[in-house]
Amino acid sequence: ENGRDGRCEASRPPLSIQRSSIRCGSTSSSAASVMARLVAVALVVVALCGLGVEGGPTPVILVPGIAGSQLEVRLNSSYEAPRWYCRKGGTGGWTHVWFNLEDYVTAECVAKELHVNVDVVEGDRLRYSNAVGVEVRPVEGLAGIKCLDPHFCELTAYFEPLIEFLESQGGYVLGETLFGAPYDFRMAGDGLTQLGYEEKLTRLIEEIVQKQQRRVTLVAHSMGGMVVTYFLAGKTKTWCDSHVETVVTVSSPYGGSFLALQGSVSGDPIGLPFYHDAFLGVQANSPSGPWLFPASGLFNPEEPAVVTKGKNYTATAESYAELLSDLGRSEQLKALRGVRSLRGIMFDHEGGPKYPEFSGQMNHICFIGGGRPTPLQFTYDDVDSFSPGMDPPAPKYTKFGDGDGIVDIDSLKHCSLPGTNSTVISMPGQEHLAIIKSPEFQAGLLSVLMAKRGVKTVS
């Protein structure tokens, strides 16, 4: 069943620059259409930034989406493996745990190693910890985001095609003008702060600005856009003006994603050839899950988002709490209230998420896909009702709307950040993950990056 249609009206010209957005009315993939869009991208960026001056590439930091950072674990002698065939503690070394294709023959082992404990310490303030005897860290730099599994990099490629494109076509040099900022994607923004990610990212940006004498551009995919937005919400306008030239977000769920709900209920194989619940142990525990649940103000509070024979759940904060309670997702239930309102970002604000005022000297370029069937509702036909610890069967999608296949179009379009010079660039037909590898996006991004070279810091 088709839901909302987010495509442009046919009466509009194929390309129109309307205030802060570009909307493409045709989904044609012809060379002429692609070139027209790229010319429009370049014109808008020049209008935003002014004419550039000569110089090398503006420094770029790539920030991945959920599940897009490689993770390592170290198990000490106090760690108790759930099964005899799982990794044992006390070996002392770091082991690659996400993503490792071979590990998901024994998914229960990985679920224990990546388990997050959540404690409510004061009001809605949360404290996070790993399972006893476990340390977790992201693989640092670009190596940690090129692909999911370094042993099968071609099969699990992520940012690698974009990195190679920027090297060959943009003159970027790894570690000099192009950087990666992986993170522990189990966490919402507050958890990343506790783990020191914010401090590391601040130090990386300041070192780049000091060395290059120009501000950085942050290029963030999917949940990475939420991470960057949370990060900048904790900075002063003076700091942002001095250090960040442009924020480029790609496919970011500024109004959440219904697939985050599926991950917490029954799991989502994230496009890989596994059973639906292969990653359920991680997805139904991680605090980043409820951080990305659909924003209640964007959707009909009477419309079910999750359906069983005996009970329905809507896209509201109250119903999310019921859903997590009924399923026994105890850690996510404890995290739910705290992660929905962080640093002035009110995710369940009436009318859609409310974001704080950002620096007026900072540009925000928002690339979004669309024209792809995107789930808005999940029906579990074989379930009378949910119960604690349940591993439900895969759902049947009963309602779809427009979007990029992962994120609904209304969520994608909610990306303009208050106070910034925001531009929304729509690329109809582009899918949530595949957009990163598409020549259309890569050329559009390069237009943005080349529009203003050699910019000095303002401080």
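Refer to the structure printed above.
Attention here is on the structure that accompanies the text. (Residues numbered from 1 in each chain as written. Predicted model: local features only at pLDDT ≥ 70, side-chain atom pairs only at ≥ 80, totals over all residues. Heavy atoms only, no water.)

Turning our eyes to something else, we now look at the overall build of the protein chain. Secondary structure assignment for the protein chain yields 14 helices and 19 strands. Per-residue burial for the protein chain yields a buried fraction of 55% across its 459 residues. For the protein chain, restricting intrachain contacts to residue pairs at least 6 apart in sequence, the fraction spanning at least 24 positions comes to 76%. Entry remark: accessible area of the protein chain is about 18600 Å², with carbon and sulfur atoms responsible for 52%. (Helix = DSSP H or I, 4+ residues; strand = E, 2+ residues; numbered from the N terminus. Buried < 20%, exposed > 50% of the residue type's maximum accessible area, 1.4 Å probe, protein only. Contact = heavy atoms within 4.5 Å. Areas by Shrake-Rupley, 256 points an atom, 1.4 Å probe, with all protein chains shown as cover.)

The next subject is helix α6 (residues 223-233). Of all eleven residues that make up α6, ten are buried, and the element is covered over most of its length. Residues of α6 that are buried include every one of Met223, Gly224, Gly225, Met226, Val227, Val228, Thr229, Tyr230, Phe231 and Leu232, and no others.

This next bit is on the nonpolar core. Counting 92 residues, the largest nonpolar core has Ile61, Trp98, Leu114, Ile205, Leu232, Trp291 and Phe386 as the members making the most contacts within it. At seven residues, α6 tops the list of elements feeding residues into this core. Not counting the four nearest positions on each side in its chain, Phe386 is found in contact with Val265, Val306, Thr308, Tyr313, Leu323, Asp326, Leu327, Tyr380 and Pro392. Ranked by size, the runner-up nonpolar core spans 26 residues in total, among them Leu62, Phe159, Val248 and Ile425. (Core = buried A, V, L, I, M, F, W, Y, C linked by side-chain atoms within 4.5 Å.)

Applying the stated criterion across every chain yields a total of 17 salt bridges. Between Arg186 and Asp184 there is a salt bridge; the shortest N-O distance is 2.6 Å. In this structure, Arg186 and Asp184 share a single accessibility class: buried. The salt bridge involving Glu322 is made with Lys311; its shortest N-O contact spans 2.7 Å. Here the residue Glu322 occupies a position in helix α11 (residues 317-327), and Lys311 occupies one in the loop between β12 (304-307) and β13 (312-314), the gap between them amounting to eleven residues. Accessibility expressed as a relative area gives 38% for Glu322, which makes it partly exposed. (Salt bridge = Lys/Arg side-chain N within 4 Å of Asp/Glu carboxyl O.)

The next thing to look at is the sheet that holds strand β8 (residues 134-138). The strands that make up a sheet pair up through hydrogen bonds in the backbone, lying either parallel or antiparallel. Strand order in the open sheet formed by three strands is β5-β4-β8, and the pairing between neighbours is antiparallel. Each end of this open sheet is capped by a strand with a single partner; those strands are β5 (95-98) and β8. Across the sheet, the mean angle separating the axes of adjacent strands is 40 degrees when strand polarity is ignored. (Pairing = 2+ DSSP bridges. Axes fitted to C-alpha atoms, helices over the stretch in contact; angles between N-to-C directions.)

The subject of this paragraph is unusual backbone geometry. Cis peptide bonds are those with omega within 30 degrees of zero, and the linkage from Trp98 to Phe99 qualifies with -5 degrees. As for its placement among the helices and strands, Phe99 is situated in the loop between β5 and α2 (107-113).

So, on to the packing of aromatic side chains. Enumeration over the complete set of coordinates arrives at 14 aromatic pairs. On the numbers, 5.3 Å between centres and 80 degrees between planes, the contact of Trp84 with Tyr85 is edge-to-face. With relative accessibility at 72%, the residue Trp84 sits in the exposed group. Judged by centre distance (5.5 Å) and plane angle (75 degrees), the ring pair of Tyr254 and Tyr355 falls under edge-to-face. Here Tyr254, found in the loop between β11 (244-250) and α8 (258-265), pairs with Tyr355, found in the loop between β15 (345-346) and β16 (363-368); they are 101 residues apart in sequence, far enough to count as distant. When sorted by exposure, Tyr254 lands in the same class as Tyr355, which is buried. Cation over ring: Lys235 sits above Trp239, and NZ or CZ is 4.9 Å from the ring centre. (Phe/Tyr/Trp six-rings, centres within 6.5 Å; stacked < 30°, edge-to-face > 60°. Lys NZ or Arg CZ within 6 Å of the ring centre and 35° of its normal.)

For the rest of this paragraph, the subject is α8. Residue pairs three or four apart in sequence face the same way in an α-helix, which turns once every 3.6 residues. Most of α8 sits out of view: eight of its eight residues are buried. Burial in α8 covers these residues: Phe258, Leu259, Ala260, Leu261, Gln262, Gly263, Ser264 and Val265. Here α8 starts with a cap whose side-chain oxygen sits 3.2 Å from the backbone nitrogen of Leu259, and that cap is Ser257. Downstream of α8 by one or two residues, Gly267 has phi in the positive range, about 90 degrees. (Polar contact = N/O pair within 3.5 Å; in protein donor to acceptor, adjacent residues only side chain to side chain.)

This brings us to the pairing of strand β3 (residues 60-63). The side chains of a regular strand alternate, first on one face of the sheet and then on the other. Every second residue of β3 is oriented toward a common face, with Val60 and Leu62 on one face and Ile61 and Val63 on the other, all of them buried. As paired elements, β3 and strand β9 (residues 178-180) share three bridges and run parallel to each other. Residue pairing across strands places Val60 opposite Leu178, the latter belonging to β9. As paired elements, β3 and strand β10 (residues 216-221) share four bridges and run parallel to each other. Of the residues in β10, the one forming a bridge with Ile61 is Leu218.

This paragraph deals with the layout of surface pockets. Roughly 890 Å³ of internal volume is contained in the largest pocket. Looking at the largest pocket, it is lined by 39 residues, and the ones nearest its centre are Ile66, Ala67, Asp268, Ile270 and Ile406. Among the elements of the structure, α8, α9 (280-283) and α10 (288-291) are those that each provide at least two residues to the lining of the largest pocket. When grouped by side-chain class, the residues that make up the lining of the largest pocket number 21 nonpolar, 15 polar and three charged. (1 Å grid on protein atoms, 1.4 Å probe; cavity = no way out; pocket = protein on both sides within 12 Å on 5 of 7 lines; lining within 4 Å. Points joined across faces, edges and corners; volume = space filled by probe spheres on them. Nonpolar A, V, L, I, M, F, W, Y, C, P; charged D, E, K, R; others polar.)

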